[in-house]
Amino acid sequence: MSRRCELTAKAPLVGHKVSHSNIKTKRRFLPNLVNVTFVSEALSSSVRFRVSTHALRSVDHRGGFDAFLLKARDSELSPKAIELKRQIQKKQAAKAG
């Protein structure tokens, strides 16, 4: 399981751990990932994702899970999220016309 957010593509960063004597050793800064169940209103179903806590705040800020997916770039989303985005777009197009 990769340590990458499925919605915002946050990944581990590399840096230094610096000791008191200023000795630098490599370390990784891992994103804070949590397993979350989102409810899609358009599809009327729930979906599980492994996302960062920053992504949770972004989903709320953009107006919910469906709105977040529709506004997000495909390059940031996981294949599972891209498929959900296409399904939501189809549902909205069917309702509109």
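Residue numbering note: each chain is counted from 1, following its sequence as written. Local features are withheld for residues below a pLDDT of 70 in this predicted model, meaning they are given only at 70 or higher, and side-chain atom pairs are given and counted only at 80 or more; totals for whole chains, interfaces and linings count all residues. Side-chain measures were taken over the full set of non-hydrogen atoms in the model, leaving aside hydrogen atoms and water.

As annotated in an unreviewed UniProt entry, the protein carries the name Large subunit ribosomal protein L28 and is attributed to Nitrobacter winogradskyi.

S.K.: Help me out: how do you make sense of the pairing of strand β2 (residues 24-29) in this one?
M.R.: For a regular strand, the rule is simple: side chains alternate between the two faces of the sheet. Bridge count for strand β1 (residues 13-18) against β2 is 6 bridges, and the pairing is antiparallel. Each residue of the ladder has a partner; that of Leu13, found in β2, is Phe29. The turn joining β1 and β2, which pair antiparallel and follow one another in sequence, is formed by 5 residues; a positive phi near 70° is taken by Asn22. One requirement defines pairing of two strands: DSSP has to find at least two bridges between them. Secondary structure elements are taken from DSSP: a helix is a run of H or I of four residues or more, a strand is a run of E of two residues or more, and numbering for both begins at the N terminus.

S.K.: I'm lost on the nonpolar core in this one. Help?
M.R.: Where a protein is soluble and globular, its nonpolar side chains tend to be buried together. The term nonpolar core refers to a set of buried residues drawn from Ala, Val, Leu, Ile, Met, Phe, Trp, Tyr and Cys, joined through side-chain atoms within 4.5 Å. Burial here depends on accessible area, computed with a 1.4 Å probe over protein chains only, as a share of the maximum for the residue type. Under 20% is buried, over 50% is exposed, and the range in between is partly exposed. Among the nonpolar cores identified, the biggest contains 21 residues, and Leu7, Phe38, Phe49, Val51, Phe65 and Leu69 are the most heavily contacted of them. Within the residue set of this core, elements represented by two or more residues are β3 (33-40), β4 (45-52), α1 (53-61), α2 (65-71) and α3 (79-96). In terms of residue count, the dominant contributor to this core is α3 (4 residues). Apart from the residues within four sequence positions on either side, Phe38 is in contact with Leu7, Ser45, Ser46, Val47, Phe49, Val51, Leu56, Val59 and Phe65. Pairs of residues are marked as contacts when any of their non-hydrogen atoms sit within 4.5 Å.

S.K.: Explain the pattern of salt bridges here, please?
M.R.: Think of it this way: side chains of opposite charge can pair up when their charged atoms draw near. Here a salt bridge means any side-chain nitrogen of Lys or Arg lying within 4 Å of a carboxyl oxygen belonging to Asp or Glu. In this structure the tally under the stated criterion is 2 salt bridges. For Glu76, the salt bridge identified is with Arg73, shortest N-O distance 3.6 Å. Residue classification places Arg73 among the exposed residues on the basis of a relative accessible area of 57%. The partner of Asp74 in a salt bridge is Lys85, and the shortest N-O contact between them spans 3.1 Å. Within this pair, whereas Asp74 is found in the loop between α2 and α3, its partner Lys85 is found in helix α3, the two being separated by 11 residues in sequence. With relative accessibility at 8%, the residue Lys85 sits in the buried group.

S.K.: Explain the packing of aromatic side chains to me, please; I cannot follow it from the model alone.
M.R.: For any two aromatic rings, the description comes down to two numbers: the centre-to-centre distance and the angle of the planes. Aromatic contacts are taken between Phe, Tyr and Trp rings whose centres are within 6.5 Å, Trp giving its six-membered ring; a plane angle under 30 degrees counts as stacked, one over 60 as edge-to-face, and the others as tilted. Scanning all chains against the criterion turns up 3 aromatic pairs. Ring plane angle 10° and centroid distance 4.7 Å describe the contact between Phe38 and Phe65, whose orientation is recorded as stacked. Here the residue Phe38 occupies a position in strand β3, and Phe65 occupies one in helix α2, the gap between them amounting to 27 residues. Centre to centre, the rings of Phe49 and Phe65 are 5.7 Å apart; their planes meet at 45°, and the pair counts as tilted. Placement of Phe49 in strand β4 and of Phe65 in helix α2 is noted, with a sequence separation of 16 residues between them. Phe65 carries the same exposure label as Phe49, and that label is buried.

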